[in-house]
Amino acid sequence: MNITSIQHVHPAWRAALWMAGALFSFSAMAVGGRELAVELSTFQILFFRSLIGLPLVGLVVMRYGGPQQLRTRRLPLHLLRNLAHFGGQYGWFYGLAFISLAEVFAIEFTVPLWTALLAVVVLGERLTPIRLLAVILGIAGTFIILRPGSGMIHPAALAVLLAAFGYATAHTLTRKLVSTETPLAILFYMTLIQLPLGLIPALTDWTFPSPARWPWVIVVGVSALTAHYCMARALRLADATVVVPLDFLRLPLIALIGALFYGETVTWSLALGSLLILSGIATNLWGEQRRQE
């Protein structure tokens with residue numbers, strides 16, 4: 001398929017292709033975070049993520065368009081977005097160290113619920129019946145996976161739940177930013193602002209990574225950039241309430257990774273919940289295409 005034919009693909013499906021890149025990147029970052037948590041604190045992981053990412057973004061900016069891409073009059077909005085995102089990242093990486101990969105991703109899938117509500121309030125988007133149905137199916141699937149009330153909830157699970165709200169806020173503000181800012185600008189300010197946010201608390205209990213962990217440091221730094229670049233491109237093509245539910249596809253992928261590399265069990269509740277979630281994604285894509293035809 002050449003570039004011209006890609007441009008004729010419906011925007012919702014082009015957004016889905018960008019989200020495919022995002023979900024693979026997020027999965028790689030999750031595995032890297034799990035490996036680094038053996039030696040490093042959560043703040044250190046976040047610091048190294050930004051330390052690797054900032055020069056990479058700088059090189060790409062210089063190669064494609066130059067510093068003029070970074071001009072902005074919306075620095076306060078960048079700051080607000082990155083405070084929310086940093087809080088989300090902290091809860092997410094913290095959860096990776098204590099609960100299964102599939103559990104982390106499943107709890108994180110409350111993001112579309114918060115995003116849908118925030119998008120209505122902040123962006124003025126419409127919460128159509130189809131979009132609402134997709135969110136309900138996704139949340140129902142998540143509840144089946146978590147089975148609340150069946151036992152003690154790990155504190156890390158609550159940290160990931162709070163992370164989901166942080167991510168939803170960041171996604172909504174990203175949608176607001178992409179109307180004037182380039183994806184590279186969003187990535188640049190993300191790494192620049194979050195670098196000191198991770199470094200300062202990390203210095204209180206510093207541990208230098210062993211040589212065996214450095215490849216995982218690079219994986220986390222690079223995949224964080226590619227994930228958010230793909231997410232920003234997807235959000236340029238479709239509403240937040242359409243793009244974010246596509247992220248549900250990470251669940252079956254990360255469950256497979258957890259089973260193959262960490263011996264994590266794929267339970268019947270995970271399988272059934274995933275089926276509901278995937279049904280919501282398909283319903284949402286179908287409804288968006290019908291609405292814009």
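Bear in mind the structure is a predicted one, so any value in this text is a computation, not a measurement.

Novice: Sorry if this is basic, but what is going on with the overall build of the protein chain here?
Specialist: In terms of helices and strands, the protein chain carries 13 helices and 0 strands. The secondary structure elements of the protein chain, listed N-terminal to C-terminal, are α-α-α-α-α-α-α-α-α-α-α-α-α. Its C-alpha atoms give the protein chain a radius of gyration of 18 Å, within 12% of the compact-globule value 19 Å for 293 residues. Expressed as lengths along the three principal axes of its C-alpha atoms, the size of the protein chain is roughly 55 × 50 × 40 Å.

Novice: I would appreciate a short explanation of the packing of helix α3 (residues 42-63) against helix α4 (residues 75-96) in the present structure.
Specialist: Each packed pair of helices is defined by two parameters, the angle between the axes and the distance between the axes. Where α3 meets α4, the axes come as close as 9 Å, and the angle between the chain directions of the two elements is 125°. On the basis of the axis angle, α3 is oblique to α4. By crossing handedness, the relation of α3 to α4 is classed as right-handed. Here Thr-42, Phe-43, Ile-45, Leu-46 and Arg-49 of α3 come into contact with α4, specifically with His-85, Phe-86, Gln-89, Tyr-90, Phe-93 and Tyr-94. Its residues placed into classes, the contact of α3 with α4 shows 7 nonpolar, 3 polar and 1 charged.

Novice: Got a minute to help me understand the pattern of salt bridges in this structure?
Specialist: Any two side chains of opposite charge can pair if their charged atoms end up close together. Per the counting criterion, the structure on display carries 4 salt bridges. The residue Arg-213 makes a salt bridge to Glu-39 at a minimum N-O spacing of 3.5 Å. Taken together, the residues Arg-213 in the loop between α9 (183-202) and α10 (214-237) and Glu-39 in the loop between α2 (11-36) and α3 connect sequence positions 174 residues apart. A salt bridge links Glu-108 to Arg-250; its shortest N-O distance comes to 2.7 Å. A residue pair is termed long-range when its members are at least 10 positions apart, and Glu-108 in helix α5 (residues 101-108) and Arg-250 in helix α12 (residues 250-262) qualify at 142 residues. Arg-250 matches Glu-108 in its accessibility class, with the two residues each being buried. Each of the salt bridges in this network shares a partner with another, and the network as a whole consists of Glu-35, Glu-39 and Arg-213.

Novice: So what exactly am I meant to see when it comes to the packing of aromatic side chains here?
Specialist: The geometry of an aromatic ring pair is captured by the separation of the ring centres together with the interplanar angle, meaning the angle of the planes. For the coordinates displayed, the defined rule picks out 12 aromatic pairs. Ring geometry for Phe-48 versus Trp-206: centroids 5.6 Å apart, planes at 45°, classification tilted. You can see Phe-48 sitting in helix α3 and its partner Trp-206 sitting in the loop between α9 and α10, a full 158 residues away along the chain. An aromatic cluster of at least three residues, connected via ring pairs, comprises Phe-43, Phe-86, Tyr-90, Tyr-94 and Phe-98. A cation sits over an aromatic face here: Arg-34 above Tyr-262, 4.9 Å from the ring centre. Cation over ring: Arg-250 sits above Phe-105, and NZ or CZ is 4.5 Å from the ring centre.

Novice: Got a minute to help me understand the nonpolar core in this structure?
Specialist: It is characteristic of soluble globular proteins that their nonpolar side chains tend to be buried jointly. Formed by 66 residues in total, the largest nonpolar core has its most connected members in Trp-92, Phe-93, Phe-105, Val-243 and Leu-251. Core analysis: the second largest hydrophobic core is formed by 5 residues, Leu-77, Leu-173, Leu-177 and Val-178 among them.

Novice: Hey, could you run me through the environment of Ala-119 in this one?
Specialist: By secondary structure assignment, the location of Ala-119 is in helix α6 (residues 111-123). Along the backbone, Ala-119 and Ala-282 are 163 residues apart, and their C-alpha atoms lie at a distance of 20 Å.

Novice: Would you take a moment to explain α3 for this structure?
Specialist: Owing to its 3.6 residues per turn, the α-helix aligns residues three or four sequence positions apart on the same side. With 22 residues, α3 extends 32 Å between its outermost C-alpha atoms, agreeing within 8% with the 32 Å of an ideal straight helix rising 1.5 Å per residue. Of the residues flanking the end of α3, it is Gly-65, one or two places downstream, whose phi is positive at about 105°.

Novice: Is there a simple way to think about the confidence of the model for the protein chain in this case?
Specialist: Note: predicted coordinates in regions of low pLDDT should not be interpreted at a detailed level. In the predicted model, the protein chain carries a mean pLDDT of 83, and the fraction of residues at 70 or more is 91%. Mean pLDDT in the protein chain bottoms out at helix α1 (residues 3-7), which sits at 49, and peaks at α4, which reaches 94.

Novice: Looking at this structure, I do not really get the packing of α2 against α4. What am I missing?
Specialist: Where α2 meets α4, the axes come as close as 8 Å, and the angle between the chain directions of the two elements is 60°. With respect to α4, the element α2 is oriented oblique. Considering only the axes of α2 and α4, their crossing is right-handed. Contacts from Phe-26, Met-29, Ala-30, Gly-33 and Arg-34 of α2 reach α4 at Gln-89, Trp-92, Phe-93 and Leu-96. In terms of residue class, the contact of α2 with α4 is built from 6 nonpolar, 2 polar and 1 charged.

Novice: Can you help me understand the side chain of Thr-42 in this one?
Specialist: As for its placement among the helices and strands, Thr-42 is situated in helix α3. Sequence-distant contacts of Thr-42, defined by excluding residues within four places in its chain, comprise Tyr-90, Phe-93 and Tyr-94.

Calculation rules
- Residues numbered from 1 in each chain as written.
- Predicted model: local features only at pLDDT ≥ 70, side-chain atom pairs only at ≥ 80, totals over all residues.
- Heavy atoms only, no water.
- Helix = DSSP H or I, 4+ residues; strand = E, 2+ residues; numbered from the N terminus.
- Rg over C-alpha atoms; globule rule 2.2 N^0.38 Å.
- Axes fitted to C-alpha atoms, helices over the stretch in contact; angles between N-to-C directions.
- Parallel < 35°, antiparallel > 145°, perpendicular 65-115°, else oblique.
- Left-handed = near helix turned anticlockwise from the far one by under 90°.
- Contact = heavy atoms within 4.5 Å.
- Nonpolar A, V, L, I, M, F, W, Y, C, P; charged D, E, K, R; others polar.
- Salt bridge = Lys/Arg side-chain N within 4 Å of Asp/Glu carboxyl O.
- Buried < 20%, exposed > 50% of the residue type's maximum accessible area, 1.4 Å probe, protein only.
- Phe/Tyr/Trp six-rings, centres within 6.5 Å; stacked < 30°, edge-to-face > 60°.
- Lys NZ or Arg CZ within 6 Å of the ring centre and 35° of its normal.
- Core = buried A, V, L, I, M, F, W, Y, C linked by side-chain atoms within 4.5 Å.
- Expected span 1.5 Å × (residues − 1).
- pLDDT = per-residue confidence, 0-100.

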